[in-house]
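Analysis of the macromolecular model
Single-letter residue listing:
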Amino acid sequence: ALELQDDTEDCRAICEAAASHLALAGSLAPVFTVHDVVVQDGVLQLTAYKICGESQNMTLPLGATLEDLANQLVQWHGRCENVFMCLEGRVPSPFDWNKAIADFIAGTPEEEEESEDQSAEEEEESEEEESEEEESEE
């Protein structure tokens, strides 16, 4: 019964991601960059740019999700169903659809790099321990 529940949750997550307006890697979809995201007067203010350089200032509720923003970009574009977005240097996947914009941006690439560095250090330590064990066996 537990496996069935896990499968159902996985299926639901996949269906929700597929229903979002966030494009999947390899899809044909317009690309937007989003900069100058600030909280002002209890709302999110941001500037979105099309690849041609055209820009639009947008105002969204403070709790707006990546899907909310993607939907606005789809409407602005007018000829697509999905979009790629680069928010302050980060590109969300369709599985990020329900993350708040502010929370997504707060998880900066630097934090991810630090996490990757930690993983690399842990891997090196593990390799050193393995080589020490091999030496002691000989």
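Overview of the structure. None of the values given here were measured: they were computed from a predicted structure. Once a new chain begins, its residue numbering starts again from 1 and follows that chain's sequence as written. For this predicted model, a pLDDT threshold of at least 70 governs which residues receive local features, and a threshold of 80 or more governs which side-chain atom pairs are given and counted, while totals over whole chains, interfaces and linings are taken from all residues. Water and hydrogen atoms were dropped before computing side-chain values, which therefore reflect all heavy atoms in the structure.

Description of the packing of aromatic side chains
Basically, it comes down to this: Stacked, edge-to-face and tilted are the three classes for Phe, Tyr and Trp ring pairs, Trp counted by its six-membered ring, which pair at centre distances within 6.5 Å; planes under 30 degrees apart are stacked, over 60 edge-to-face, the rest tilted. Runs of H or I in DSSP of at least four residues are treated as helices and runs of E of at least two as strands, each being numbered from the N terminus. Definition used: whenever NZ (Lys) or CZ (Arg) falls within 6 Å of the ring centre and also within 35 degrees of the ring normal, the charge is taken to sit over that ring.
Throughout the structure, instances matching the rule amount to one aromatic pair. Judged by centre distance (5.5 Å) and plane angle (40°), the rings of Phe 32 and Trp 76 are tilted. Of this pair, Phe 32 sits in strand E1 (residues 31-40) while Trp 76 sits in helix H2 (residues 66-77); the two residues are 44 residues apart in sequence, bridging distant segments of the chain. Over the ring of Trp 76 we find Lys 50, and its NZ or CZ is 4.8 Å from the ring centre. Over the ring of Phe 104 we find Arg 90, and its NZ or CZ is 4.3 Å from the ring centre.

Observations regarding unusual backbone geometry
Despite not being glycine, Asp 41 has its phi angle at roughly 55°, a positive value. Mapped onto the secondary structure, Asp 41 falls in the loop between E1 and strand E2 (43-50). Even without being a glycine, Glu 88 presents a positive backbone phi close to 50°. Of note, Glu 88 is situated in the loop between strand E4 (84-87) and helix H3 (101-106).

Considering the environment of Ala 13
Quick note on the threshold: Accessibility here uses a 1.4 Å probe with only protein chains present; expressed as a share of the type maximum, an area under 20% marks a residue as buried, one over 50% as exposed, and anything in between as partly exposed.
For Ala 13, the location among the structural elements is in helix H1 (residues 2-19). The partly exposed category is assigned to Ala 13, whose relative accessible area is 30%. Spatially, the C-alpha atom of Ala 13 lies 9.8 Å from that of Pro 94, the residues being 81 residues apart in sequence.

Side note on the pattern of salt bridges
Applied cut-off: What counts as a salt bridge is simple: a side-chain nitrogen of Lys or Arg found within 4 Å of a carboxyl oxygen of Asp or Glu.
Tallying each qualifying case throughout the model produces two salt bridges. One salt bridge in this structure joins Lys 50 and Glu 54, with 3.7 Å as the shortest N-O distance. Taking the relative accessible area as the measure of exposure, Lys 50 reaches 18% and is therefore buried. By relative accessible area, Glu 54 is classed as partly exposed at 41%.

With respect to the sheet that holds E4
To keep it simple, the criterion reads: Any two strands with at least two DSSP-identified bridges between them are counted as paired. Geometry is summarised by axes, namely lines fitted to C-alpha atoms with helices restricted to the contacting stretch, and by angles between N-to-C directions that run from 0 to 180 degrees. Whether two residues touch is decided by their heavy atoms; if any such pair falls within 4.5 Å, the residues are in contact.
With mixed pairing, the four strands of this open sheet are ordered in space as E3-E2-E1-E4. The sheet is open, and its two borders are formed by strand E3 (55-61) and E4, each paired with just one other strand. When strand polarity is set aside, the average angle formed by the axes of neighbouring strands in this sheet is 30°. For E1 and E4, the ladder comprises four bridges, and the chain directions are parallel. Considered in E4, the bridge of Val 31 is made with Phe 84. Across the sheet, H2 lies against E1, E2, E3 and E4, angled at about 145° from E3, the strand it touches most.

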